[in-house]
Amino acid sequence: MDFLPDTTEKLLRTTLTLMQYPVLASRIRAHMREELFKRGIIDPKSFESRVRDNAIQSQKLEGINNPYGQETSDLWETRKSILRDHLTDLLFSRHLPFDLLEKMIKDTLAERGVSSLDMLLAINPELAPIDLVFEQAMTIEKMPEKERAKYMARLEESKVVLIRALISDQLRYINIAKEWLTIKELSEVRRRKIGAGRIGGKSAGMILAQHILESNRELSDLPCLSMPESFYIGSDEFYTFMSINNLFGWNDQKYKTEAEMRAEYPKIEEDFRNGSFPPDILDQLQTMLIKIGKQPLIVRSSSLLEDNFGTAFAGKYESIFCPNQGTLEENLKQLTQAIAQIYASVLNPNALLYRRSKGLLDYDERMALLIQLVEGERYKDYMMPHAAGVAFSRNIFRWAPQIRSEDGFVRLVWGLGTRAVDRVGNDYPRLIALSHPLLRPSNDPRSVRRYSQQYVDLLDLRHNTFTSLPIHDVLQADYPPLRYIAQLDEDGYFETMRSSIISDPQKLVLTFDVLLQRTPFAERMKTILKSLEQAYHSPVDVEFTLRIEEDAHGKPQLCITILQCRPQGHLAQTEVEKPPVNLSPDAVIFSTDFMVPQGRIGSVEWIIYVQPQAYFALSSTTERAALARAVGRLNEVLHDEAFICVGPGRWGSSNSDLGVPIGYGDIYYAKALVELAGENCSLPPEPSLGTHFFQDLLEAQIFPLALHLDNPGTDFNSDFFENLPNHLTERLPEARKFEKVLRLIRIEDAKPGHTMRVLMNEEAGKAVAFLIKKDPGTV
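Residues numbered from 1 in each chain as written. Predicted model: local features only at pLDDT ≥ 70, side-chain atom pairs only at ≥ 80, totals over all residues. Heavy atoms only, no water.

(A) Representation of the pattern of salt bridges. Evaluated as defined, the whole model comprises 48 salt bridges. Linking Arg192 and Glu229 is a salt bridge whose minimum nitrogen-to-oxygen distance equals 3.6 Å. Separated by 37 residues along the polypeptide, Arg192 in the loop between helix 11 (183-191) and strand 1 (193-194) and Glu229 in the loop between strand 2 (225-226) and strand 3 (230-233) bring together distant segments of the chain. Its salt-bridge partner being Glu734, residue Arg633 comes within 3.6 Å of it at the nearest N-O pair. Here Arg633, found in helix 26 (residues 621-637), pairs with Glu734, found in the loop between helix 29 (728-731) and strand 26 (742-746); they are 101 residues apart in sequence, far enough to count as distant. Given a relative accessible area of 33%, Arg633 falls into the partly exposed group. (Salt bridge = Lys/Arg side-chain N within 4 Å of Asp/Glu carboxyl O. Helix = DSSP H or I, 4+ residues; strand = E, 2+ residues; numbered from the N terminus. Buried < 20%, exposed > 50% of the residue type's maximum accessible area, 1.4 Å probe, protein only.)

Written out as structure tokens, the structure reads:
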């Protein structure tokens, strides 16, 4: 039986069948057969003989063994008619040019008085192949304005169909994107896409941000506002990879227990790493590598659910740098290994638990990929941007009353932006309130130096790897933008560099003060954020890089590259509520005046408390990781009861020396995370604002609070935390070995019939947790 090539079949169906002109299609096919007979490609008798043979073969495939006795004559003729058309299309596509078919179509349309435009506009975009939808939309866009006005509804429909097919099926995104993206821009997305499926949420946000900012008159004339060169791998290729490597056995991970997920994930990673790719995808990836040469790449996750409203998936999936400095074969292997690793991260327990907490387990989550050229400048054997970071259009944690929340804030680092968005245990970015850029959380010179950036993430081009180095191993006097990002620590004050001669490079401190004083960086970021927030109808966060150049007169010029844009996580708005006037000091469990958000927790029944001295006495990272898992199991046990977590240092730190190394999956049922500083509790002067972990807390409506125990404005009832009964083993018997470190405190043990309420007043800069008599109507 003859089979028509898929591409040709789509083309012919596009032109003939989907035009909703079946009579014309029949007439055109008759002309096609006449041409085949006239050119001697096949004679009529042989043609009909092949039609009959194909019809009999199709019957056998359906289990019909008696061609004439088991089928009515009408059905037999219908079968032959379908296969006659099929054979016509097959022979024509194999032996004759498509130009001839186009001429036949035009001649037939002219005979019947039907224009090709009428046929094109008659198609249904929801059912038509994407080629035809593009052709229809481009035809409308090219019409004179008066003529185009009649078809604007059809153009909008075609645009929505294309956005949904190429980019995202999320309705809130489509409602915004259709106002900004043009057919030409959608065509460019298609040109840069490898494989089938959508390009996913991260790519969707970047593309939309680009066109929003290009339309802003305040920004459109800037020579240095750009997006990185990008390529996309469609989401359907994720399932293709799983299929050819027999990996679908892992597809039910999302329905397993957390313990099963964590136990099996290393094997999943190994299986994915050992997977192979389809030849056509490898060919396209190799072509891409040849085109871009030895420019470094970053492969970024861009799943269908990622970076959507209310579900950012911040840090749940992986992004991997490929320095791309080897041979073509080595670079392709490095790239495919990165892709396979990101594919595996779809089944990462933290990602699956995040989906579970959001009610998204049943969604068919597929992983698309965003491949970008790394933005940065070469310095010696290294490549990294002059600065990078993440910016938020709303600053919900103000460290001074004069800071305006609506102006936003930035986490800024030197080098690759990974240190700005990840909760790195041993380092600190520069935190910038855009309304008051030079106002720090602490102005004490020792604190400024102590909590400045100590390490830089970069690409080591000589060794073809991503690495982190101490800043003083890299930063030297000949670094071009040095005076804008660093100052000299001169015995308690910071001096701006006036020359390229530095007596002691160890005195260099990354402050970014000169950047903020001498360039329009803060104002430009405010404009970018406001423009995007207005278009999104929602606060946004943006990842970016910064290049600093000086013109012939020594005037600094800024070049900003937008890497990512998504809706910003935020806490639900609540009315200001004051504590009871007659609140007894004995009723106060804790209070703080440090970076307080706005909100309330009406009733807390339990506190998970990690005892600071006992925690830091744990001798190994393995023990601390096991403690973190125990916190995760308590999170599950208490999922129907209101609880908060209180512990030393940074919750969620990647460095267990600085705090409990939990992940989002360990605490997503909590109502608040309270971080303790001072008295042997390590904590920087900012609660990791803007990190991926911080974004998770905001999305889940988990309030982050910090208590500086040495601060006179802080109250902490240590007797309550240390001496009330520990219910850990009652609720989690297997955690007995952590009984001295991990305490589960029931609020009613402090005062029967009472609960704990937490009130947070951002304007007053005060949060207080206190005992209050239970009220059944309180939520």
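(B) Layout of the confidence of the model for the protein. In this model, the protein carries an average pLDDT of 86, and 90% of its residues clear a pLDDT of 70 or more. Of the regions scoring below 50 in pLDDT, residues 1-14 engages in 28 contacts with residues more than four places distant in sequence or in other chains. (pLDDT = per-residue confidence, 0-100. Contact = heavy atoms within 4.5 Å.)

(C) Expanded view of the nonpolar core. The biggest cluster of nonpolar side chains holds 83 residues, and the ones touching the most others in it are Trp414 and Phe521. Here this core takes 8 residues from helix 24 (residues 521-536), the largest share from any one element. Within the second largest apolar cluster, 47 residues are counted, among which are Leu332, Ala340, Tyr343 and Ala344. (Core = buried A, V, L, I, M, F, W, Y, C linked by side-chain atoms within 4.5 Å.)

(D) The environment of Glu763, seen in detail. Locating Glu763 in the fold gives a position in the loop between strand 27 (754-761) and strand 28 (766-773). Exposure remark for Glu763: the relative accessible area of 59% places this residue in the exposed category. Along the primary structure Glu763 and Gln598 are separated by 165 residues, whereas in three dimensions their C-alpha atoms are 7.9 Å apart. When neighbours within four sequence positions are excluded, Glu763 is seen to be in contact with Arg398 and Gln598.

(E) Looking closely at the packing of aromatic side chains. Applying the stated criterion to the full structure yields 19 aromatic pairs. Between Phe321 and Phe466, the ring centres sit 5.3 Å apart and the planes meet at 0 degrees, which makes this aromatic pair stacked. In this pair, Phe321 is assigned in strand 5 (residues 319-322) and Phe466 in strand 13 (residues 465-470), connecting sequence segments 145 residues apart. Given the relative accessible area of 16%, Phe321 is considered buried. Taken together through their ring pairs, the aromatic side chains of Phe238, Tyr239, Phe241, Phe248, Phe272, Phe277 and Tyr343 make up a single cluster. (Phe/Tyr/Trp six-rings, centres within 6.5 Å; stacked < 30°, edge-to-face > 60°.)

(F) Geometry of helix 11. Within the sequence span of helix 11, burial applies to Ile183, Leu186 and Val189. Taken around the axis of helix 11, the buried residues stretch over an arc of 110 degrees, which confines them to a single face. Pointing more than 90 degrees away from the buried face of helix 11 are the exposed residues Lys184 and Arg191. Here the buried face of helix 11 lies against helix 7 (130-141), helix 9 (152-166), strand 1, helix 12 (200-214) and strand 3. (Arc of directions from axis to C-beta.)

(G) Highlighting the sheet that holds strand 16 (residues 508-510). With antiparallel pairing, 3 strands are arranged side by side in an open sheet as 15-14-16. Pairing within the sheet leaves two strands with one partner each, and these edge strands are strand 15 (493-495) and strand 16. In this sheet, adjacent strand axes meet at a mean angle of 50 degrees when their direction is disregarded. Bridge count for strand 14 (residues 486-490) against strand 16 is 3 bridges, and the pairing is antiparallel. Looking at the pairing, Ala486 lines up with Leu510 of strand 16. (Pairing = 2+ DSSP bridges. Axes fitted to C-alpha atoms, helices over the stretch in contact; angles between N-to-C directions.)

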